[in-house]
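Listed here are the chains, written in short residue letters.
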Amino acid sequence: DQTKLYTADKGEGPGYNQQGHTSTVIDLQTMGVVDVFNIGLTTDHALLSPDGSEIWYTSNAEHGIYILDVKTSKIIFVKDPADGDIHGGVWVQYKDDGKGGVVGEVVSDYSGLHGSALAAQRKYVSEPSLSIAINNSGFTQKTLSVTAGQSIRLTVKHVAGTSAGKITFKSDDMGIKEITLGPGDSEEIRWTAPTKLGDLKATTNKTANPSLTITVKQPEAKVAPQVPVSDLKNVSIKSEHIAWDIAKVELKVGEKVRFNFTNGDDEKHNLVGIGDGLNFLSPDIPAGKTATYDWTAPSSPVTFKVVCAYHPLMTFSVEVK
């Protein structure tokens with residue numbers, strides 16, 4: 001769901017003296033570290049399962065795979081019976097082709113999701129969503145607003161450190177029973193806003209900011225778009241020597257933009273916006289090819305980084321104002 005980044009902290013010492021043996025988990029809403037797990041030595045690939053439930057870390061030095069359960073944080077180790085070097089890997093989904101045969105599709109590898117899994121991810125992140133963050137002082141937001149009758153993907157997140165202990169969330173007005181979260185945990189709730197306008201209250205056990213007001217507002221009247229679909233702002237981007245030729249893109253709120261890519265490298269690239277609810281994820285641009293990607297800026301000002309998922313040092317910023 002693009003809310004967390006899991007790293008493989010390999011280390012770069014000579015040979016098997018590389019002592020990296022952890023995975024750091026970064027919350028992409030707060031850009032803070034929320035957990036660190038012990039995994040195998042010289043692990044340089046972390047693979048997300050297509051359903052998002054597990055991370056598989058391939059350990060070269062220990063000749064096996066560490067499997068992290070994302071929900072419970074439990075880890076198991078699977079040893080390669082042939083004692084070989086584990087390096088990379090793919091997830092393959094097999095389906096009946098309807099003609100008496102089987103068709104296979106790679107849906108995930110160490111570079112991310114592909115095919116039908118990528119399409120499902122894009123659909124998922126485009127859904128209406130609302131994020132509620134709670135730290136050691138309570139709610140980080142005072143108020144939020146939702147549209148009457150709208151179905152929402154609501155995520156409640158514990159964004160404090162371990163010293164905060166357990167955090168609770170409860171809202172009788174929203175029909176949500178009390179949930180308890182540990183440090184770094186989150187819970188997703190499929191919730192439909194009531195059709196009646198007004199304020200809803202939510203509470204937490206942290207006392208400095210113990211309450212949150214969610215205002216149910218009337219749907220905005222549909223108006224003709226101010227910018228015709230054909231009148232896009234064109235932004236040209238070229239990659240060469242694993243670097244973009246731009247540093248910053250400035251846009252207006254709600255502006256439609258077309259990114260025109262020229263991939264001058266011998267490796268594929270893509271564009272991923274780092275932030276909550278941006279829905280900024282381009283298709284892959286193969287080596288030596290050109291492509292376009294259309295995107296609409298959010299309706300409120302925001303500044304965020306854009307990276308290539310395959311080469312994270314390739315970055316530029318987008319400022320929407």
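Residues numbered from 1 in each chain as written. Predicted model: local features only at pLDDT ≥ 70, side-chain atom pairs only at ≥ 80, totals over all residues. Heavy atoms only, no water.

Colleague: I keep staring at the pattern of salt bridges and nothing clicks. Help me out?
Modeller: Enumeration over the complete set of coordinates arrives at 11 salt bridges. D44 serves as the salt-bridge partner of K10, at 3.5 Å between the closest nitrogen and oxygen. Taken as a pair, K10 in the loop between β1 (4-6) and β2 (22-27) and D44 in strand β4 (residues 43-48) lie far apart in primary sequence, 34 residues in all. Residue class for D44 comes out partly exposed when judged on its relative accessible area of 24%. (Salt bridge = Lys/Arg side-chain N within 4 Å of Asp/Glu carboxyl O. Helix = DSSP H or I, 4+ residues; strand = E, 2+ residues; numbered from the N terminus. Buried < 20%, exposed > 50% of the residue type's maximum accessible area, 1.4 Å probe, protein only.)

Colleague: Explanation requested: empty space enclosed by the protein in the structure shown.
Modeller: The rolling of a water-molecule-sized probe over the atoms marks out the regions of remaining empty space. With the rule as written, the count across this model stands at one cavity of 30 Å³ or more. Space inside the largest cavity adds up to approximately 170 Å³. Where the lining of the largest cavity is concerned, the elements lending two or more residues are β11 (129-135) and β14 (151-158). Considering only residue class, the lining of the largest cavity consists of two nonpolar, eight polar and four charged. (1 Å grid on protein atoms, 1.4 Å probe; cavity = no way out; pocket = protein on both sides within 12 Å on 5 of 7 lines; lining within 4 Å. Points joined across faces, edges and corners; volume = space filled by probe spheres on them. Nonpolar A, V, L, I, M, F, W, Y, C, P; charged D, E, K, R; others polar.)

Colleague: So what exactly am I meant to see when it comes to the sheet that holds strand β21 (residues 248-251) here?
Modeller: As a general point, the strands of a sheet are linked pairwise by backbone hydrogen bonds and lie either parallel or antiparallel. If you trace the four strands from one edge of the open sheet to the other, you get β21-β26-β25-β23, paired in mixed fashion. The sheet is open, and its two edges are formed by β21 and β23 (272-274), each paired on a single side. Ignoring strand direction, the axes of neighbouring strands in this sheet form an average angle of 30°. Examined bridge by bridge, β21 and strand β26 (residues 315-320) share four bridges and lie parallel to one another. Residue E250 lies in a different strand from β26, and its bridge partner there is E319. (Pairing = 2+ DSSP bridges. Axes fitted to C-alpha atoms, helices over the stretch in contact; angles between N-to-C directions.)

Colleague: Any chance you could explain the sheet that holds strand β7 (residues 75-79) here in plain terms?
Modeller: An order of β4-β5-β6-β7 is seen for the four strands of this open sheet, with the pairing classed as antiparallel. Here the strands that pair on one side only, and so sit at the sheet edges, are β4 and β7. Sheet twist, expressed as the mean angle between neighbouring strand axes with direction ignored, is 20°. Relative to strand β6 (residues 64-69), strand β5 (residues 54-59) runs antiparallel, the two being bridged by six bridges. Each bridged residue has a counterpart across the sheet, and for S59 the counterpart in β6 is G64.

Colleague: It is not clear to me how the layout of surface pockets should be interpreted in this structure. Could you clarify?
Modeller: Approximately 1,500 Å³ is the volume attributed to the second largest pocket. Around the second largest pocket sit 40 residues that line it, and G277, A297, P298, S299 and S300 are the ones nearest its centre. Of all the elements in the fold, those that place two or more residues in the lining of the second largest pocket are β11, β13 (143-147), β24 (290-296) and β25 (302-307). Classifying every residue of the lining of the second largest pocket by side-chain character gives 17 nonpolar, 16 polar and seven charged.

Colleague: Just checking my understanding: could you explain the packing of aromatic side chains for this structure?
Modeller: Two aromatic rings are characterised by how far apart their centres lie and by the angle between their planes. Scanning all chains against the criterion turns up nine aromatic pairs. Between Y66 and F77 the ring centres are 4.6 Å apart and the planes differ by 45°, which places this aromatic pair in the tilted class. Taken together, the residues Y66 in strand β6 and F77 in strand β7 connect sequence positions 11 residues apart. We classify F77 as partly exposed; its relative accessible area is 37%. With centroids separated by 5.8 Å and ring planes inclined at 65°, the aromatic side chains of F280 and F304 adopt a geometry described as edge-to-face. Of this pair, F280 sits in the loop between β23 and β24 while F304 sits in strand β25, placing them 24 residues apart in sequence. Relative accessible area serves as the criterion here: at 1%, F280 is assigned to the buried category. The ring of Y124 carries R153 above its face, with NZ or CZ at 3.9 Å from the centroid. (Phe/Tyr/Trp six-rings, centres within 6.5 Å; stacked < 30°, edge-to-face > 60°. Lys NZ or Arg CZ within 6 Å of the ring centre and 35° of its normal.)

Colleague: Please clarify how the pairing of β7 should be interpreted in this entry.
Modeller: For a regular strand, side chains alternate in direction, first toward one face of the sheet and then toward the other. Across five bridges, the pairing between β6 and β7 is antiparallel. The residue of β7 that forms the bridge with I65 is V78.

Colleague: Please clarify how the pairing of strand β22 (residues 256-263) should be interpreted in this entry.
Modeller: Every second residue of β22 is oriented toward a common face, the buried set being V257, F259, F261 and N263 and the non-buried set K256, R258, N260 and T262. Strand direction decides the pairing type here: strand β20 (residues 233-239) and β22, joined by seven bridges, are parallel. In the sheet register, K233 faces β22, and the bridge partner there is V257. Pairing of β22 with β24 involves seven bridges; the strand directions are antiparallel. In the sheet register, R258 faces β24, and the bridge partner there is D294.

Colleague: Hey, could you run me through the side chain of S49 in this one?
Modeller: Examined against the element boundaries, S49 turns out to sit in the loop between β4 and β5. A polar contact of 3.2 Å, which involves the side chain of S49, links it to the backbone nitrogen of S53. When near neighbours in sequence (up to four residues on either side) are disregarded, S49 contacts E54 and W91. (Polar contact = N/O pair within 3.5 Å; in protein donor to acceptor, adjacent residues only side chain to side chain. Contact = heavy atoms within 4.5 Å.)

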